[in-house]
Amino acid sequence: MLKKSILLVSLLACSSLIACNKTKNYKPGDPLTITSIEMCDEYGESTLIQYKDFDILVDSGSELDAGHVNEVLNSKVTDKEIDLLVVTHPHGDHIGGIINGALEGISVKQIVDYGYTYDTDGNDKINNSAYVQAYVNKRTSYINAGATYHGIKEQMKISKTLDIDKENDLRIRWLENDFYFGEDEVFPNE
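Residues numbered from 1 in each chain as written. Predicted model: local features only at pLDDT ≥ 70, side-chain atom pairs only at ≥ 80, totals over all residues. Heavy atoms only, no water.

**Let's talk about the overall build of the protein chain**
Along the protein chain, the regular secondary structure elements total 5 helices and 13 strands. Counting only residues that meet the buried cut, the protein chain has 46% of its 190 residues in that class. When the accessible area of the protein chain is evaluated, it comes to approximately 10,100 Å², of which 52% is carbon and sulfur surface. (Helix = DSSP H or I, 4+ residues; strand = E, 2+ residues; numbered from the N terminus. Buried < 20%, exposed > 50% of the residue type's maximum accessible area, 1.4 Å probe, protein only. Areas by Shrake-Rupley, 256 points an atom, 1.4 Å probe, with all protein chains shown as cover.)

**Regarding the confidence of the model for the protein chain**
Per-residue pLDDT for the protein chain averages 77, and the proportion of residues at 70 or more is 70%. Predicted confidence for residues 1-24 stays below pLDDT 50, and this span has 38 contacts to residues more than four positions away or in other chains. (pLDDT = per-residue confidence, 0-100. Contact = heavy atoms within 4.5 Å.)

**Some remarks on helix H4 (residues 129-144)**
With 16 residues, H4 extends 22 Å between its outermost C-alpha atoms, agreeing within 8% with the 22 Å of an ideal straight helix rising 1.5 Å per residue. Turning to H4, its buried residues are Tyr131, Val132, Tyr135, Val136, Arg139 and Tyr142. Around the axis of H4, the buried residues are gathered within 145 degrees of arc, so they sit on the same side. Within H4, the exposed residues directed more than 90 degrees away from the buried face are Ala130 and Asn144. Of the surrounding secondary structure, the elements contacted by the buried residues of H4 are strand E6 (84-87), helix H3 (92-99), strand E7 (107-108), strand E8 (110-113) and strand E10 (148-151). Downstream of H4 by one or two residues, Gly146 has phi in the positive range, about 115 degrees. (Expected span 1.5 Å × (residues − 1). Arc of directions from axis to C-beta.)

**Some points on the pairing of E8**
Neither face of E8 is exposed, since Gln110 and Val112 on one face and Ile111 and Asp113 on the opposite face are all buried. Judged from the 3 bridges that link them, E6 and E8 form a sheet pairing that is parallel. Across the sheet, residue Val87 finds its bridge partner in E8, namely Asp113. Here E8 pairs with E10 via 4 bridges, running parallel. Residue pairing in the sheet places Gln110 in a bridge with Thr148 of E10. (Pairing = 2+ DSSP bridges.)

**Some words on the side chain of Arg139**
As for its position among the elements, Arg139 is in helix H4. Arg139 sits in the buried class, given a relative accessible area of 13%. Within the structure, the side chain of Arg139 is placed 3.1 Å from the side chain of Tyr149, a separation counted as a polar contact. Apart from the residues within four sequence positions on either side, Arg139 is in contact with Ile111, Asp113 and Tyr149. (Polar contact = N/O pair within 3.5 Å; in protein donor to acceptor, adjacent residues only side chain to side chain.)

**Notes on the pairing of strand E12 (residues 170-174)**
Most of E12 is tucked away, with 4 of its 5 residues classed as buried. The pairing of strand E11 (residues 161-165) with E12 spans 4 bridges and is classified as antiparallel. Bridge assignment links Asp163 to a residue of E12, and that residue is Arg171. The turn linking E11 back onto E12 is made up of 4 residues, and Asp169 within it adopts a positive phi angle of 60 degrees.

**Describing the sheet that holds strand E2 (residues 32-36)**
The pairing of strands in a sheet comes from backbone hydrogen bonds and takes either a parallel or an antiparallel form. Spatial strand order, E2-E3-E4-E6-E8-E10: 6 strands in an open sheet with mixed pairing. Each having just a single partner strand, E2 and E10 make up the two edges of the open sheet. When the angles between neighbouring strand axes are averaged without regard to direction, this sheet yields 15 degrees. (Axes fitted to C-alpha atoms, helices over the stretch in contact; angles between N-to-C directions.)

**Here we look at unusual backbone geometry**
We note that Lys52 has phi near 50 degrees; this positive angle belongs to a residue other than glycine. Look at Lys52 and you get exposed, because its relative accessible area is 52%. Although it is not a glycine, Lys80 adopts a positive phi angle of roughly 55 degrees. Classification of Lys80 by relative accessible area gives partly exposed; the value is 30%.

**Here we look at the environment of Lys80**
Turning to its location among the elements, Lys80 is positioned in the loop between helix H2 (66-76) and strand E5 (81-82). Residue contacts for Lys80: discarding those within four places in its chain leaves Asn74, Gly105, Ile106 and Ser107.

Structure follows, in structure tokens:
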């Protein structure tokens, strides 16, 4: 439970939903749905955030729960398109679903992920370079199908915000912290 709380706080520290212009049509109380997708077979993290027809998926859970995550996504994402896929870090309980079909039948428009290379000196699934490479291969397949991709540090250089509803001035604002690594940097495995 502590791990889930820390990860949720980390996610909230990385991004926040903001409405900037009160003269626009967006009103507090407009439907914003946050679904924490429960893992059934193995611990993991996956959260679906929806505003009108804009769908954000944060992580995809574990490989054993990929089918369950896919069922939830197919029932809730009516246009079968994830507008933004956020991948917080390359641990199996966050990328396992992506690798094993959690997004089967669903397209991805944009990906923002951790952006760094993970030190792979461990022997378990969390730090295994083949496992991380399987995620990178899947990410590349989304890019080849038309998704745009940025590591978080690169995304912050391009823009500190990402429009969700431009007309109503609703966007995600990426919050800067000292823990972002660039794509050529190695995150220490400590």
